[in-house]
Amino acid sequence: METIGTPLMWTVFTVLVLVALAVDLLVLRQNGPHKVSTREAVIWSLAWIALAMVFNAGLWWYLQGQMPAQDADRIALEFLTGYLVEKALAVDNIFVFLMLFTYFAVPPQSQQRVLILGVLGAIVLRGILIFVGAALIAQFHWILYIFGVFLLVTGAKMLWAAGQEPDMDKNPVLRWLTGRFPMVRRYHGEALWLGQGKRRKYTPLFIVLVMIAVTDVIFAVDSIPAIFAITTDPFIVLTSNVFAVLGLRALYFLLAGAAEKFHLLAYGLAMVLIFIGAKMLLVDIYKIPVAISLGVVAATIATSMVMSLWIQPRPPRHLQPPR
């Protein structure tokens, strides 16, 4: 696997992420379980974005002394594009998390613990998938075409399903969990289960945590191929992914109240996946410049958000008047 990552760069990145997570967990512990305000969510979201941009600027500055300037510029742009793609696709995770929290009526003060565990799980999972994907691409170039077709199909399915209300009662994973694990109906603080051994019973918070882990797996399988269309360098793929995931908890609390306002965002995300899938299929015919990819992704997401504010959402089916 060809990569710009040196032992020093990997070490700096790892230490930076561990320190950031430690600070996040320390602040979470000091504040205790509480409902996150919009102001707090905005501050943390901006802090995570600033951290990613500082890392990218530092990476660009370091590479300036290691390679030609145009290569350093290209790599920094690849990081920024990959970060934006992963950040945009993470928004879809947030809408699913919101649906799960609403369905299970998770208390606001308990949502933070579930989200931070979900972020930690997502980082580990994406790290594994990225290195497996990079190794496969290094050995079998044609896998890029499989990734491209997969993204096209996923984008088309997302486009078809956009605007439809998912039925959680029919979710196969949820039905399997509730059928296999003895449950208690009420929440008991942040406890995931009560009792020991055969008497152990699981709280709804445990089910929510498992469902979020499953969601992380599903979205990682979608988003990892997407960034390989931007770059196949494992260092850039992993760092942009991790920095996008790190701010997921803050971004959830920032967007949770505005989810209904951006009802057309799912269409924009679907079009992004279709564009990236097409870009991957054309890789040996025409390589779309990274700057153009960044512009298309940013414009598509921005357009879907602006159109969401302009076009009123349709009322739910059960509230629509009969024809």
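Coordinates for the structure precede this section.
Residues numbered from 1 in each chain as written. Predicted model: local features only at pLDDT ≥ 70, side-chain atom pairs only at ≥ 80, totals over all residues. Heavy atoms only, no water.

Draft legend 1. Quick look at the overall build of the protein. Secondary structure assignment for the protein yields 11 helices and two strands. The linear arrangement of helices and strands in the protein, starting from the amino end, is α-α-α-α-α-α-β-β-α-α-α-α-α. Against the globule reference of 20 Å for 323 residues, the protein gives a C-alpha radius of gyration of 21 Å, in line with a compact fold. If one aligns the C-alpha atoms of the protein with their principal axes, the spans along those axes are about 60 × 55 × 40 Å. Residues counted as buried form 45% of the 323 residues belonging to the protein. Pairs at least 24 apart in sequence give 81% of the contacts found in the protein among residues at least 6 apart. By element, 67% of the accessible surface of the protein is carried by carbon and sulfur atoms, the whole surface being about 17100 Å². Charged side chains of the protein number 24 positive and 17 negative; the gap between the two group centres comes to 14 Å. (Helix = DSSP H or I, 4+ residues; strand = E, 2+ residues; numbered from the N terminus. Rg over C-alpha atoms; globule rule 2.2 N^0.38 Å. Buried < 20%, exposed > 50% of the residue type's maximum accessible area, 1.4 Å probe, protein only. Contact = heavy atoms within 4.5 Å. Areas by Shrake-Rupley, 256 points an atom, 1.4 Å probe, with all protein chains shown as cover. Lys, Arg positive; Asp, Glu negative; His and termini not counted. Charge placed at Lys NZ, Arg CZ, Asp CG, Glu CD.)

Draft legend 2. Representation of the pattern of salt bridges in the model. Tallied over the entire structure, the rule returns four salt bridges. In this structure, arginine 74 and aspartate 71 form a salt bridge, with 4.0 Å as the shortest nitrogen-oxygen distance. Of the two residues, arginine 74 and aspartate 71 are both situated in helix α3 (residues 69-103); the distance of three residues between them amounts to about one turn of the helix. On the basis of relative accessible area, arginine 74 is assigned to the partly exposed category, the value being 38%. Each of Asp71, Arg74 and Glu78 takes part in salt bridges that share partners, so that together they form one network. (Salt bridge = Lys/Arg side-chain N within 4 Å of Asp/Glu carboxyl O.)

Draft legend 3. Representation of unusual backbone geometry in the model. Positive phi, close to 50°, is recorded for alanine 105, a residue that is not glycine. For alanine 105, a relative accessible area of 53% corresponds to the exposed category.

Draft legend 4. Structural context of the environment of isoleucine 224. The topology assignment puts isoleucine 224 in helix α7 (residues 204-228). Assessed through its relative accessible area of 6%, isoleucine 224 is described here as buried. Ignoring anything within four residues of it in the chain, the contact list for isoleucine 224 reads Arg126, Leu129, Ile130 and Asn241.

Draft legend 5. Spotlight on the environment of isoleucine 94. Its place among the elements puts isoleucine 94 in helix α3. A relative accessible area of 1% places isoleucine 94 in the buried class. Note: C-alpha distance between isoleucine 94 and leucine 251 (157 residues apart in sequence) is 7.9 Å. If sequence neighbours within four positions are ignored, isoleucine 94 has contacts with Leu248, Leu251, Tyr252 and Leu255.

Draft legend 6. Highlighting the packing of helix α4 (residues 108-139) against helix α8 (residues 234-246). Relative orientation of the contacting elements α4 and α8 amounts to 165°, with a least axis distance of 10 Å. As the angle between them shows, α4 and α8 are arranged roughly antiparallel. Seen along the crossing, α4 lies across α8 with a hand that is right-handed. Counted together, Val119, Ala122, Ile123, Arg126, Gly127, Ile130, Phe131 and Ala134 of α4 and Pro234, Val237, Leu238, Asn241, Val242, Val245 and Leu246 of α8 form the full contact between these two elements. Class assignment of the residues belonging to the contact of α4 with α8 gives a composition of 12 nonpolar, two polar and one charged. (Axes fitted to C-alpha atoms, helices over the stretch in contact; angles between N-to-C directions. Parallel < 35°, antiparallel > 145°, perpendicular 65-115°, else oblique. Left-handed = near helix turned anticlockwise from the far one by under 90°. Nonpolar A, V, L, I, M, F, W, Y, C, P; charged D, E, K, R; others polar.)

Draft legend 7. Geometry of the packing of aromatic side chains. Under the counting rule described, the total for this entry stands at 21 aromatic pairs. Here phenylalanine 181 and tyrosine 202 contribute two aromatic rings whose centre-to-centre distance is 5.1 Å and whose plane-to-plane angle is 80°, an arrangement assigned as edge-to-face. Here the residue phenylalanine 181 occupies a position in the loop between α6 (172-180) and β1 (193-194), and tyrosine 202 occupies one in strand β2 (residues 201-202), the gap between them amounting to 21 residues. Each member of the aromatic cluster is reached from another via a ring pair, and the members are Trp10, Phe13, Phe55, Phe79, Tyr83, Phe131, Phe235 and Phe243. (Phe/Tyr/Trp six-rings, centres within 6.5 Å; stacked < 30°, edge-to-face > 60°.)

Draft legend 8. Focus on the side chain of threonine 203. With respect to the element layout, threonine 203 can be found in the loop between β2 and α7. A relative accessible area of 1% means that threonine 203 is categorised as buried. Not counting residues up to four positions away in its chain, the partners in contact with threonine 203 are Met183, Val184, Arg186, His188, Ala191, Leu192, Trp193 and Leu194.

Draft legend 9. Representation of helix α9 (residues 248-255) in the model. Within α9, seven of the eight residues are buried, which leaves the element mostly enclosed by the surrounding structure. Within α9, the full set of buried residues consists of Leu248, Arg249, Ala250, Leu251, Tyr252, Phe253 and Leu255. Among the structural elements, α1 (7-31), α2 (38-64), α3, α4 and α8 are those in contact with the buried residues of α9.

Draft legend 10. Quick look at the packing of α4 against α7. It is at 8 Å that the axes of α4 and α7 come closest, and there the two elements cross at 35°. Where α4 crosses over α7, the two elements pack in a sense that is right-handed. Contacts between α4 and α7 involve Ser110, Val114, Leu117, Gly118, Ala122, Leu125, Arg126, Leu129, Ile130, Gly133, Ala134 and Ile137 on the former and, on the latter, Leu205, Val208, Leu209, Ile212, Asp216, Val217, Phe219, Ala220, Val221, Ser223, Ile224 and Phe228. Classifying every residue of the contact of α4 with α7 gives 18 nonpolar, four polar and two charged.

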